[in-house]
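# Observations on the model geometry
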Amino acid sequence: MDTKTPVLLSYSFRPFFLLNGIFAILVILLWMLTLHGTISIKLPAYWHAHEMLVGFAMAAIAGFSLTAVANWTGRPPVSSKPLAWLVFSWLLGRLAMLSAGFIPAELVAVLDLLFPLSLCVLLGREIFAGGSRRNYQLVLILAVLLVANAFYHLGILQLVSNADKFAIYLLVHGILLLVIIIGGRIIPLFTANWLRKQGHTSLPINQLSHIGLLLTVLTGLAATFIPAHPVTGVLAILASLVHGFKLSRWRGWACRRNPLLFILHVAYAWIPIGYLLMGLAVF
């Protein structure tokens, strides 16, 4: 890291986690005031869902992935000017979405797409340059999220019918796929490392990962395009069972004395719970 680089721009988690925390508070307050009619702002369709996904979730993904990629590849962390641009593009996107009633929808689309495009390019550059083949799939998923966000704006521009609605569902399940891939790596790994230090010999077993990923993709596509079909319900319940079984093999209860580690297991538990609720809702 250059000694002239500000501390805030030395690692991507620093600006993104900070801004994301502030954004989460402000956007909820804004949404509540809008819902109750206290203020009147013309917002695009599904604005709240879009900002939770592209504004909040993808900023968290940027903060984590561009920090972790240095460990994945052995390259220096993304910092300084490239990181400053990424943060600036994120801010531009949030302001553009908030200003949709005052500026052309085409300009909103361009400004909002800058952040996911820049994130995809930056992460791709690091992963491909570092030869981290295991993480090529992450770049592919980010590219899918970028395309989904573009389709959201095509729907807002009324160029493709209902594209904005379908795009929101695709964004939800695309981000969920990223969570499952990364969570499936780090949760059993961190748990195993901690249990070894405590003298445990029974360690986490990571099973059915590929089946879980396949069911995640199939359930996401079904929930997007045929949300009320029995096939979607069956797939969601199968996904719940597989992810629940995977989680049960990670020995989460054994690390309950370590809150920072145990909370990862609790968080991942909402994936099988969510799939179960989705499946039951269909029936």
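The present account deals with the structure reproduced in this document. (Residues numbered from 1 in each chain as written. Predicted model: local features only at pLDDT ≥ 70, side-chain atom pairs only at ≥ 80, totals over all residues. Heavy atoms only, no water.)

### Considering the nonpolar core
Applicable threshold: Here the nonpolar core consists of buried residues drawn from Ala, Val, Leu, Ile, Met, Phe, Trp, Tyr and Cys, with membership extended through side-chain atoms lying within 4.5 Å. Accessible area is worked out with a 1.4 Å probe on protein chains only. A residue is then buried under 20% of its type maximum, exposed over 50%, and partly exposed in between. Helical segments are the DSSP runs of H or I of at least four residues, strand segments are the runs of E of at least two, and each set is numbered from the N terminus. Here, two residues are considered to be in contact whenever any of their heavy atoms come within 4.5 Å of each other.
By size, the foremost hydrophobic cluster in this structure holds 46 residues, and its most contacted members are Phe16, Met58, Leu86, Phe115, Leu119 and Leu142. Among the secondary structure elements, those contributing two or more residues to this core are helix H1 (13-35), helix H2 (47-73), helix H3 (80-98), helix H4 (105-129), helix H5 (136-156) and helix H6 (163-197). Broken down by element, the residue count for this core peaks at ten residues, all from H2. With sequence-adjacent residues up to four places away left out, Phe115 is seen in contact with Phe16, Val54, Met58, Ala59, Ala62, Leu86, Ser89 and Trp90.

### Some thoughts on the packing of H3 against H4
We count it as follows: Between the N-to-C directions of two axes lies an angle of 0 to 180 degrees, each axis being a line fitted to C-alpha atoms and, for a helix, fitted only over the stretch in contact. The scheme is simple: roughly parallel for angles under 35 degrees, roughly antiparallel for over 145, roughly perpendicular for 65 to 115, oblique for anything else. Helix crossings are classified by the rotation of the near helix relative to the far one: an anticlockwise turn of less than a right angle makes the crossing left-handed, while a clockwise turn makes it right-handed.
The contact between H3 and H4 brings their axes to 8 Å, and the two run at 150 degrees. When the interaxial angle is binned, H3 and H4 end up roughly antiparallel. Every pair of crossing elements has a handedness; the one defined by H3 and H4 is left-handed. Together, Pro82, Trp85, Leu86, Ser89, Trp90, Leu92, Gly93, Arg94, Ala96 and Met97 of H3 and Val108, Leu111, Asp112, Leu114, Phe115, Ser118, Leu119 and Leu122 of H4 make up the contact between the two elements.

### A closer look at the packing of H6 against helix H7 (residues 209-225)
Stated precisely, the cut-off is as follows: Gly is placed with the polar residues, together with every amino acid not listed as nonpolar (Ala, Val, Leu, Ile, Met, Phe, Trp, Tyr, Cys and Pro) or charged (Asp, Glu, Lys and Arg).
Their axes nearest at 9 Å, the elements H6 and H7 cross at an angle of 165 degrees. With respect to H7, the element H6 is oriented roughly antiparallel. Between H6 and H7 lies a crossing whose hand is right-handed. Note on element contacts: H7 touches H6 through Leu213, Thr216, Val217, Gly220, Leu221, Ala223, Thr224 and Phe225, opposite Phe166, Tyr169, Leu170, His173, Leu177, Ile180 and Ile181. Broken down by class, the residue content of the contact of H6 with H7 amounts to eleven nonpolar, four polar and no charged.

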